[in-house]
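Notes for the structure review
Each chain, letter by letter, is given below.
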Amino acid sequence: PVERSAAAAAVAAALLGRLAGVRTFAAFVPDPTEPGHGRVPAVFTRLGARVLLPVVPPSGAELGWAVDTGRLAPGRFGLLEPVGPRLGATALGVAEVVVVPAVAVARDGMRLGRGGGYYDRALRHARPDATVVALVFDDEFVDALPTEPHDRRVDAVVTPSGGWQALP
């Protein structure tokens with residue numbers, strides 16, 4: 001618990017530093033097994049930005065989005081999501097930065113998710129110039145990962161010890 005708390009603080013600090021000045025970005029609510037749990041997205045209130053958080057639909061596999069108001073409730077799969085009006089899948093297209101979860105990220109930017117494809121589908125709606133950044137623990141930033149044709153590389157990774165690292 002002490003290490004996870006320190007990791008969450010480090011990830012939150014790295015995100016705050018790089019997201020300062022961004023007007024609209026998308027993020028997620030880390031579960032207890034993910035970096036940032038307990039700090040993200042609450043720490044984003046310091047930025048004064050519009051923050052979009054994902055909403056898993058009751059059926060289907062395309063994420064919707066809602067504005068983070070600080071109020072979260074369990075949604076599908078028990079994941080915390082914002083309470084309030086739903087914006088639909090294309091709302092992601094206004095985000096300058098998209099912060100995504102990952103099981104692992106390779107040094108070439110390939111991201112491995114949990115296998116549901118929610119973020120692979122969601123990223124189709126991202127702006128072409130949006131910066132996509134994944135959060136992982138240090139040991140989840142690896143040399144290589146398998147890829148599939150639908151996979152989209154991330155532009156950066158945030159780790160507890162390395163902070164925000166741009167990828168090729």
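This text gives an overview of the structure that appears in the document. (Residues numbered from 1 in each chain as written. Predicted model: local features only at pLDDT ≥ 70, side-chain atom pairs only at ≥ 80, totals over all residues. Heavy atoms only, no water.)

A short note on the overall build of the protein
We count it as follows: Only DSSP runs of H or I covering at least 4 residues are called helices, and only runs of E covering at least 2 are called strands; the numbering of each starts at the N terminus. C-alpha atoms define the radius of gyration in this analysis, and the globule rule sets the expected value at 2.2 Å times the number of residues to the power 0.38. Type-normalised accessible area, obtained with a 1.4 Å probe on protein chains alone, sets the label of each residue: buried when under 20%, exposed when over 50%, and partly exposed for intermediate values. By definition, residues are in contact when any of their heavy atoms lie within 4.5 Å. Only the protein chains shown count as cover for residues, and all accessible areas are computed by the Shrake-Rupley method using a 1.4 Å probe. Positive charges come from Lys and Arg alone, negative charges from Asp and Glu alone, with His and the N- and C-terminal ends not counted. Just so you know, the charge point we use is NZ for Lys, CZ for Arg, CG for Asp and CD for Glu.
Tallying secondary structure elements over the protein gives 2 helices and 12 strands in all. Listing every helix and strand of the protein by position from the N terminus yields α-β-β-β-β-β-β-β-β-α-β-β-β-β. The globule rule puts the C-alpha radius of gyration for 168 residues at 15 Å, and the 15 Å found for the protein is close to it. Once the C-alpha set of the protein is aligned to its principal axes, its extents read approximately 40 × 35 × 30 Å. Sorting the 168 residues of the protein into buried and exposed places 48% on the buried side. Contacts in the protein between residues at least 24 apart in sequence constitute 64% of all its contacts with a sequence separation of at least 6. In the form shown here, the protein has an accessible surface area of approximately 8,200 Å², with 55% of it arising from carbon and sulfur atoms. Where the 17 positive side-chain charges of the protein centre and where its 17 negative ones centre are 7 Å apart.

Let's talk about the packing of aromatic side chains
The line we're drawing: Planes of paired rings set the category: under 30 degrees apart is stacked, over 60 is edge-to-face and the rest tilted, where pairs are Phe, Tyr or Trp rings (Trp by its six-membered ring) whose centres lie within 6.5 Å. A ring has a charge above it when a Lys NZ or an Arg CZ is no more than 6 Å from the ring centre and no more than 35 degrees off the ring normal.
Summed over all chains, the structure comprises 1 aromatic pair. A ring pair is formed by Phe25 and Phe44, whose centres lie 4.9 Å apart and whose planes are at 90 degrees; its orientation type is edge-to-face. Of the two residues, Phe25 is situated in strand β1 (residues 24-26) and Phe44 in the loop between β1 and β2 (50-55); the sequence distance between them amounts to 19 residues. Both residues of the pair, Phe25 and Phe44, belong to the buried class. Over the face of the ring belonging to Phe141 we find Arg107, whose NZ or CZ atom lies 4.4 Å from the ring centre. For the cation-ring pair, Arg121 lies above Tyr118, with the distance from its terminal atom to the ring centre recorded as 5.6 Å.

Considering helix α1 (residues 2-19)
Formally: Expected helix span is taken as 1.5 Å per residue step, with the number of steps being one fewer than the number of residues.
Here α1 spans 26 Å end to end across 18 residues, near enough to the 26 Å set by a 1.5 Å rise per residue. Buried residues of α1: Ala7, Ala8, Val11, Ala12, Ala14, Leu15, Leu16 and Leu19, and no others. Its buried side turned inward, α1 meets β1, β6 (97-101), β9 (131-135), β11 (156-159) and β12 (163-166). Positive backbone phi, approximately 90 degrees, marks Gly21, located one or two places after α1.

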